[in-house]
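Chain by chain, the residues:
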Amino acid sequence: MINIPKGTKDVLPSESYKWHYVEDKLRRLASLYNAREIRTPVFEHTELFVRSIGDGTDVVSKEMYTFEDKGGRSITLKPEGTAPVARSFAENSLDALSLPLKMYYIIPAFRYERPQAGRLREFHQFGLEVYGATSPYLDLDCISFAYDALTGLGLKNIRLHLNSIGCPECRKTYTAALKGYFASRLDEMCDTCKDRYERNPLRLLDCKSPICKAIAAGAPKITDYLCDDCRAHHDKLCALLEKSGVPYEVDENIVRGLDYYTRTVFEFVTEELGAQGTVCGGGRYDNLVSSIGGKPTGCVGFAIGLERIIMLMEKQGADFGKENLGVFVMSQSSEQTDECIKLVAALRKAGISADTEMTGKSLKAQFKYADKINADYGIVIGASEIETKKVKIKNLSDGTEEECALGDIEARLKEKYNG
Ligand code: ATP
Ligand code: MG
């Protein structure tokens, strides 16, 4: 037998309704927020991610699925959705449209990581990107969307951690102060942090190792180094969040892994998923579009990890709705199969989901099957039903039955479903 690749997962027919529930809710929320879907390819030129995410990051240096295609081009399966959207925005001159432009996506993303609960090599994200303005009102809109999404899915005990990492100017002074602080403690820190010291010093702040964490706790705080404009942006956003009733805490250790962030960075975290507790990450990236050749464009966005959301919903016993078959039509014997097929076709035409027996099962086995697939109603067609033109509609969850003329079934069921 050929098995599924490590770090990937099938969504089986018995589980897909959960994904539909989550995706439908998010799509509906997107239209309430005036966001339109953008679809970009599963793979891009490797250069796009190297230039935008940055080659000092874990994603680019260790986690990308990169290969040469038959034409000798270096291709990468997208590890995230933000850079491809920026590429498309610049390439298609979307700035010619009315700005701000709100876009969303639901994508598979690929990262070569050590697989564990909530950490896969192919995973899925819902992302929102708001392009075309640097105003903190758009940071608010974006964070409110994420907050509404998570609470609307019924999730509890999720906290918003917010920080500002300033602009390249204030970050320069801050990075120098940070390196000054860590220089004397570096020999006590983990190997990854020793490497980060040169490659990506901000990341020294979000190491998960207890020793590094303790050392990082005493590090200089970015918020003490923000320039006036970055400071004003951050303060305004905090005030707006308070007014909107979105609970948050400023957490100076949130830096996000990727190079393209400026000013606002945030994460929604839960304590119920162990080390994989970040269910949503985002921020502002005003230099991203220009870094890949487009015009300078203010952008803010986030991505939600859908596997983590679904895991947490399952853990918290959230409601996923249901996807049932409406009616299973059963035949007393194979002689009635044609009649059953006719009825099923009429039901489907009327917008009622229906199926029937086609494989020669006994009536008892047909009832078992109807039960297994969670059909709402069962209708048995035998010689007498055809002769009298009357059937019984059986409610399969409570066992009650009601009589109905063969010709009235569609109307009767429509009434049941539509009230
Ligand atoms: P982490 O710190 O957990 O590695 P990240 O900062 O690398 O997350 P982002 O690039 O911000 O993640 O991606 C947004 C969201 O996608 C994360 O908050 C998380 O919910 C989800 N995510 C990221 N990597 C994975 C993965 N390998 N498997 C499953 N979900 C993931
Ligand atoms: Mg990661």
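In the block above lies the structure referred to throughout.
What you see as residue numbers is a count from 1 along each chain, following the sequence as written. Just so you know, chain letters begin at A and ligand numbers begin at 1, following the order they were written in. Given that the model is predicted, a residue must reach a pLDDT of at least 70 before its local features are reported, and side-chain atom pairs must reach 80 or more before they are shown or counted; all residues, however, enter totals for whole chains, interfaces and linings. Computation of side-chain values covers all heavy atoms of the structure but excludes hydrogens and water.

Student: Go over the overall build of the protein chain, please, and point to the residues and values.
Tutor: A tally of helices and strands in the protein chain yields 15 helices and 16 strands. For a compact globule of 419 residues, the expected C-alpha radius of gyration is about 22 Å, and the protein chain comes in at 27 Å, more than 25% above that figure. Counting only C-alpha atoms and orienting by the principal axes, one finds that the protein chain spans roughly 90 × 50 × 45 Å. The cut-offs for exposure are 20% and 50% of the maximum accessible area for each residue type, with area from a 1.4 Å probe on protein chains only; residues under the lower value are buried, those over the upper are exposed, and the others partly exposed. Scored against the burial criterion, the 419 residues of the protein chain give a buried share of 49%. In the protein chain, once contacts between residues fewer than 6 apart in sequence are set aside, the share between residues at least 24 apart is 69%. Note on areas: these come from Shrake-Rupley sampling with a 1.4 Å probe, and a residue is covered only by the protein chains present in the view. Surface exposure of the protein chain reaches about 20,700 Å², of which carbon and sulfur atoms provide 51%. Residues scored as charged are limited to Lys and Arg (positive) and Asp and Glu (negative), so that His and the chain ends carry no count. By convention, the charge on Lys lies at NZ, on Arg at CZ, on Asp at CG and on Glu at CD. Looking at charge distribution, the protein chain has the averaged site of its 56 positive side-chain charges lying 1 Å from that of its 61 negative ones. Each helix is a run of H or I in the DSSP string that is no shorter than four residues. Each strand is a run of E no shorter than two, and both are numbered from the N terminus. When we talk radius of gyration, it's over C-alpha atoms, and the globule rule is simply 2.2 Å times the number of residues to the 0.38. By the convention used here, residues are in contact when the closest approach between their heavy atoms is within 4.5 Å.

Student: How would you sum up the sheet that holds strand β13 (residues 354-356)? Please name residues and give values.
Tutor: Each strand in a sheet pairs with its neighbour through backbone hydrogen bonds, running either in the same direction (parallel) or in the opposite one (antiparallel). Strands sit in the order β13-β12-β14-β15-β16 across an open sheet of five strands; the sheet is mixed. Across the chains shown, the open sheet's two edge strands, defined by having one partner strand only, are β13 and β16 (401-405). Across the sheet, the mean angle from the axis of one strand to that of its neighbour is 25°, orientation sign disregarded. To obtain each axis, a line is fitted to C-alpha atoms, and for helices this fit is confined to the stretch in contact; angles are then taken between N-to-C directions over 0 to 180 degrees. Packing of helix α15 (residues 409-418) onto the sheet brings it into contact with β12 (327-331), β14 (377-381), β15 (390-395) and β16, and relative to β16 it is tilted by some 135°. Pairing between strands is defined by DSSP: at least two bridges between the two strands are required.

Student: Explain the sheet that holds strand β1 (residues 36-37) to me, and be specific about the residues and the numbers.
Tutor: Taken in spatial order, the eight strands of this open sheet run β1-β5-β6-β11-β10-β9-β7-β8, and their pairing is mixed. With partners counted over all chains shown, the strands left at the sheet margins are β1 and β8 (249-250), one partner each. Summarising the sheet, strand β7 (residues 159-164) and strand β9 (residues 262-269) pair through six bridges and their orientation is antiparallel. Directly across from Arg159, in β9, lies its bridge partner Val269. Where helix α1 (residues 16-32) meets the sheet, it contacts β1, β5 (101-110) and β6 (122-131), and its direction lies at approximately 160° from that of β5.

Student: Describe the site of ligand 1, and please don't skip the residues or the numbers.
Tutor: We define proximity as follows: a residue is near a molecule or strand when any one of its heavy atoms falls within 4 Å of that partner. What surrounds ligand 1 is a group of 15 residues, the closest being Arg111, Glu113, Arg119, Leu120 and Arg256. A distance of 2.9 Å separates a nitrogen atom of ligand 1 from a polar backbone atom of Leu120. When isolated, ligand 1 has an accessible area of 580 Å², and the protein chains bury 89% of it. At the level of elements, β6, β10 (278-284) and β11 (299-305) are the ones that each hand at least two residues to the shell around ligand 1. Here a polar contact is taken to be a pair of N or O atoms separated by no more than 3.5 Å, where protein atoms must pair a possible hydrogen donor with a possible acceptor and residues adjacent in sequence count only if both atoms sit in side chains.

Student: Can you lay out the pattern of salt bridges for me, pointing to particular residues and giving the numbers?
Tutor: Counted as salt bridges are all cases of a side-chain nitrogen of Lys or Arg within 4 Å of a carboxyl oxygen of Asp or Glu. Applying the stated rule across the entire model yields 32 salt bridges. Ionic pairing is found between Arg51 and Glu47, a salt bridge with its closest N-O pair at 3.7 Å. With Arg51 and Glu47 both in helix α2 (residues 46-53) and four residues apart, this pair spans about one turn of that helix. Where Asp58 meets Lys62, a salt bridge forms, and the shortest distance between an N and an O atom there is 3.8 Å. Here Asp58 and its partner Lys62 are both found in helix α3 (residues 58-63), four residues apart, which amounts to about one turn of the helix. Assessed through its relative accessible area of 48%, Lys62 is described here as partly exposed. A single network of salt bridges, built from pairs that share partners, joins Asp58, Lys62, Arg196, Arg203 and Asp206.

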